[in-house]
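One letter stands for each residue in the lines below.
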Amino acid sequence: MTAPGDVHYARASGDVDIAYTVFGEGAFDLVVTPGFVTHLDLQWEFPWFKGIEALAGACRVIVFDKRGTGLSDRSLGFGSLEERADDIRAVMDAAGSEQAVIYGVSEGGPMALLFAATYPERARALILYGCGARFREAPDYPIGMPDATFEAFMDLMAHEWGSGRAYSHFIHDAPHPEEAGRFLAQFERSA
């Protein structure tokens, strides 16, 4: 299996530094636009990342920590959707990628969509996984979370972040729950 790649930085709009890594070889580039929060040094420990890591045999994989998370600049907030989509361009430029398959995961989906619409010549294809138009239900979006569920989720994030219990909302049936809890606590504090 592939070892973690070196971490590099791309200078994005607003003089924000975006951390990224490149690994694998293949006929095309794949840019992974991650969801929620990430950490380039720790993501290799997540079972779900093994699927991304396995793609290294078929393509050159470019993964980054979005602005405001992980090893990217964190003190400047998250930025607008337009700035965050342009971060994909900055990372691709820094990694020497002219065109790539853009893979938007969860909350990274809107960034991936906007990037592909803004730079269609640079998006070879677009893959969306676990994305939605919004999280909260609305009159025109009945499949979103009910208000009470959304508020409980936000309360959990606000009060449990850093303990390992907040992120565990996304991870179920860990083979070693105590070990997973310690890792998730570290990940939450770092991401």
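The shown structure was predicted, so the numbers you read here are calculated from the model rather than taken from an experiment. (Residues numbered from 1 in each chain as written. Predicted model: local features only at pLDDT ≥ 70, side-chain atom pairs only at ≥ 80, totals over all residues. Heavy atoms only, no water.)

1. Things to note about the overall build of the chain
Logical step 1: Within the chain one finds five helices and six strands.
Logical step 2: Each helix and strand of the chain, placed in order from N terminus to C terminus, yields the pattern β-β-β-α-β-α-β-α-β-α-α.
Logical step 3: Computed over the C-alpha atoms, the radius of gyration of the chain is 17 Å, within 12% of the 16 Å expected from 2.2 N^0.38 for a compact globule of 191 residues.
Logical step 4: Relative to its 191 residues, the chain shows a buried fraction of 41%.
Logical step 5: Sequence-distant contacts, at least 24 apart, represent 65% of the contacts inside the chain between residues at least 6 apart. (Helix = DSSP H or I, 4+ residues; strand = E, 2+ residues; numbered from the N terminus. Rg over C-alpha atoms; globule rule 2.2 N^0.38 Å. Buried < 20%, exposed > 50% of the residue type's maximum accessible area, 1.4 Å probe, protein only. Contact = heavy atoms within 4.5 Å.)

2. Quick notes on the environment of aspartate 147
Logical step 1: Within the fold, aspartate 147 resides in helix H4 (residues 147-160).
Logical step 2: Along the primary structure aspartate 147 and threonine 69 are separated by 78 residues, whereas in three dimensions their C-alpha atoms are 26 Å apart.
Logical step 3: Among all residues touching aspartate 147, those that are not within four sequence positions of it are Arg136 and Glu137.

3. A closer look at the pairing of strand S5 (residues 100-105)
On any regular strand, side chains alternate: one points to one face of the sheet, the next to the other face.
Logical step 1: Counting buried positions along S5 yields six of six residues, so the element is predominantly enclosed.
Logical step 2: For strand S3 (residues 29-33) and S5, the ladder comprises five bridges, and the chain directions are parallel. Paired with threonine 33 across the bridge in S5 is glycine 104.
Logical step 3: With six bridges joining them, S5 and strand S6 (residues 123-129) adopt parallel strand pairing. (Pairing = 2+ DSSP bridges.)

4. Some thoughts on a nonpolar patch on the surface
Logical step 1: A contiguous nonpolar patch, built from Phe36, Trp161 and Phe170 and spanning about 260 Å² of accessible area, is present on the exposed surface.
Logical step 2: Relative to the assigned elements, tryptophan 161 resides in the loop between H4 and helix H5 (177-190).
Logical step 3: The partly exposed category is assigned to tryptophan 161, whose relative accessible area is 31%. (Patch = residues over 30% accessible without salt bridge, like charges linked within 9 Å, V, L, I, M, F, W, Y side chains within 5 Å. Areas by Shrake-Rupley, 256 points an atom, 1.4 Å probe, with all protein chains shown as cover. Salt bridge = Lys/Arg side-chain N within 4 Å of Asp/Glu carboxyl O.)

5. With respect to the nonpolar core
Logical step 1: Core analysis: the largest hydrophobic core is formed by 23 residues, its most contacted members being Phe23, Val32, Ile52, Val61, Val63 and Phe187.
Logical step 2: Listing elements by their share of this core, those giving two or more residues are strand S2 (16-23), S3, helix H1 (47-54), strand S4 (60-64), S5 and H5.
Logical step 3: Residues Ala10, Met92, Met111 and Phe115 belong to the second largest nonpolar core, which totals 21 residues. (Core = buried A, V, L, I, M, F, W, Y, C linked by side-chain atoms within 4.5 Å.)

6. Here we look at the sheet that holds S6
Logical step 1: With respect to topology, six strands assemble into an open sheet ordered S1-S2-S4-S3-S5-S6, the strand pairing being mixed. Only two strands of the sheet have a single partner each, and these edge strands are strand S1 (7-12) and S6. Going across the sheet, the axis of each strand differs from the next one's by a mean of 25 degrees, ignoring polarity.
Logical step 2: Where S2 lies against S4, four bridges are found, and the strand directions are antiparallel. In the strand pairing of S4, tyrosine 20 is matched with phenylalanine 64. (Axes fitted to C-alpha atoms, helices over the stretch in contact; angles between N-to-C directions.)

Read these as layout, nothing more, since geometry by itself doesn't imply function.
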